[in-house]
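Given next are the chains, with one letter for each unit.
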Amino acid sequence: QVQLVESGGGLVQPGGSLRLSCAASGNIFSIYDMDWYRQAPGKQRELVATITRGGSTNYASSVKGRFTISRDNAKITVYLQMNSLKPEDTAVYYCNAEIRTHSSATIRDYWGQGTQVTVSS
């Protein structure tokens, strides 16, 4: 059993900052790419940022220069620092991780439950 638990969402004014965290736990043998996605009302889920196990990162063009993804492999946690937030960043944010468990050689995706981020004055 693997769990991903997000935290750090909330209500923030435009121009403000938030830091999301996602901690993985359970029967984990190894974790590979870790990602943040978001889904706004009426829209498809979109990839926001990705970080590899080695620390390479990639960002959606809409957040590049404002968001920073990082990870702590010892804590099995991925973070998303969000600065200069805009109303269009309002969405439910989900973390995703490619994980191999001790029970199987198969690498599969696991998802967190999501955390709401609302940017509004």
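Each remark here, short or long, concerns the structure printed above.
In short, a report on the structure.

### Details of the overall build of the chain
Counting its secondary structure elements, the chain contains 0 helices and 11 strands. Overall, the chain shows an N-to-C arrangement of helices and strands of β-β-β-β-β-β-β-β-β-β-β. Relative to the globule expectation of 14 Å for 121 residues, the C-alpha radius of gyration of the chain, 14 Å, shows essentially globular dimensions. Seen through its C-alpha atoms, the chain measures out along the principal axes to roughly 45 × 25 × 25 Å. Evaluated residue by residue, the chain yields a buried proportion of 43% over its 121 residues. Pairs at least 24 residues apart make up 55% of the contacts formed inside the chain by residues separated by at least 6 positions. When the accessible area of the chain is evaluated, it comes to approximately 6400 Å², of which 45% is carbon and sulfur surface.

### A closer look at the packing of aromatic side chains
In this structure the tally under the stated criterion is 1 aromatic pair. When the ring centre of Tyr94 is taken as origin, the NZ or CZ atom of Arg45, which lies over that ring, is 3.8 Å away.

### What to know about the state of the cysteines
Throughout the structure, instances matching the rule amount to 1 disulfide. The disulfide bridge from Cys22 ends at Cys95, spanning 1.9 Å between sulfur atoms. Here Cys22 is found in strand β3 (residues 18-26), whereas its partner Cys95 is found in strand β9 (residues 91-101), with 73 residues between them in sequence. A single burial state applies to Cys22 and to Cys95, both of which are buried.

### Side note on the pattern of salt bridges
Within the structure shown, the criterion is met by 3 salt bridges. Where Arg38 meets Glu46, a salt bridge forms, and the shortest distance between an N and an O atom there is 2.6 Å. Judged by relative accessible area, Glu46 falls into the partly exposed class, the value being 33%. Residue Asp89 is joined to Arg38 by a salt bridge in which the shortest nitrogen-to-oxygen separation is 2.9 Å. Taken together, the residues Asp89 in the loop between β8 (77-82) and β9 and Arg38 in strand β4 (residues 28-39) connect sequence positions 51 residues apart. Residue classification places Asp89 among the buried positions, given a relative accessible area of 1%. One salt-bridge network, in which partners are shared between bridges, spans Arg38, Glu46, Arg66 and Asp89.

Rules used throughout
- Residues numbered from 1 in each chain as written.
- Predicted model: local features only at pLDDT ≥ 70, side-chain atom pairs only at ≥ 80, totals over all residues.
- Heavy atoms only, no water.
- Helix = DSSP H or I, 4+ residues; strand = E, 2+ residues; numbered from the N terminus.
- Rg over C-alpha atoms; globule rule 2.2 N^0.38 Å.
- Buried < 20%, exposed > 50% of the residue type's maximum accessible area, 1.4 Å probe, protein only.
- Contact = heavy atoms within 4.5 Å.
- Areas by Shrake-Rupley, 256 points an atom, 1.4 Å probe, with all protein chains shown as cover.
- Phe/Tyr/Trp six-rings, centres within 6.5 Å; stacked < 30°, edge-to-face > 60°.
- Lys NZ or Arg CZ within 6 Å of the ring centre and 35° of its normal.
- Disulfide = S-S within 2.5 Å.
- Salt bridge = Lys/Arg side-chain N within 4 Å of Asp/Glu carboxyl O.

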